[in-house]
Amino acid sequence: MLITLLLTVLILVICAMLLGIKIIFVKGGKFPNTHIEGNPALGKKGIHCSSRQDKDASLEKNLFERLEEIKK
């Protein structure tokens, strides 16, 4: 049982080290930006994350506000 536990911990440590090689050993290394806002191709297509889309939608005027502007 103890050997299995130690082997598991060793495997987890090795995996964590392999995942962090770029961060640990490369000067100025960082994890890649996998967020949708970090993808320029999606930005060119106008695809943004949901929080950005909600913000943009809240800034748009609804039909009632547009009619009020026309009446003025």
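Quick notes on the rules
Residues numbered from 1 in each chain as written. Predicted model: local features only at pLDDT ≥ 70, side-chain atom pairs only at ≥ 80, totals over all residues. Heavy atoms only, no water. Helix = DSSP H or I, 4+ residues; strand = E, 2+ residues; numbered from the N terminus. Rg over C-alpha atoms; globule rule 2.2 N^0.38 Å. Buried < 20%, exposed > 50% of the residue type's maximum accessible area, 1.4 Å probe, protein only. Lys, Arg positive; Asp, Glu negative; His and termini not counted. Charge placed at Lys NZ, Arg CZ, Asp CG, Glu CD. Contact = heavy atoms within 4.5 Å. Salt bridge = Lys/Arg side-chain N within 4 Å of Asp/Glu carboxyl O. pLDDT = per-residue confidence, 0-100.

Caption draft 1: Quick look at the overall build of the protein. Regarding its fold elements, the protein presents five helices and zero strands. Helices and strands in the protein line up, N terminus first, as α-α-α-α-α. Taken over the C-alpha trace, the protein has a radius of gyration of 25 Å; the compact-globule value for 72 residues is 11 Å, which it surpasses by more than 25%. For the protein, the spread of C-alpha atoms along the principal axes amounts to about 80 × 35 × 20 Å. Here the protein holds 72 residues, and 4% of them are scored as buried. Charge separation in the protein, taken as the distance between the mean sites of 11 positive and 7 negative side-chain charges, equals 12 Å.

Caption draft 2: A look at the side chain of H48. Topologically, H48 is positioned in the loop between α3 (40-44) and α4 (50-59). Once residues lying within four places of it in the same chain are set aside, the contact partners of H48 are I36, E37 and Q53.

Caption draft 3: Representation of the pattern of salt bridges. Considering all chains together, one arrives at three salt bridges under this definition. E37 serves as the salt-bridge partner of R52, at 3.8 Å between the closest nitrogen and oxygen. Here E37 lies in the loop between α2 (21-25) and α3 and R52 lies in helix α4, a separation of 15 residues in the sequence. You can call R52 partly exposed: its relative accessible area is 34%.

Caption draft 4: Region of the structure containing the environment of K27. Here K27 shows up in the loop between α2 and α3. K27 sits in the exposed class, given a relative accessible area of 85%. Sequence spacing of K27 and K61 is 34 residues, and the spatial spacing of their C-alpha atoms is 48 Å.

Caption draft 5: Examining the confidence of the model for the protein more closely. Per-chain confidence: the protein averages 85 in pLDDT, with 100% of residues scoring 70 or above. Here α2 stands out as the element of the protein with the lowest mean pLDDT, 80, in contrast to helix α1 (residues 2-19), whose mean of 94 is the highest.

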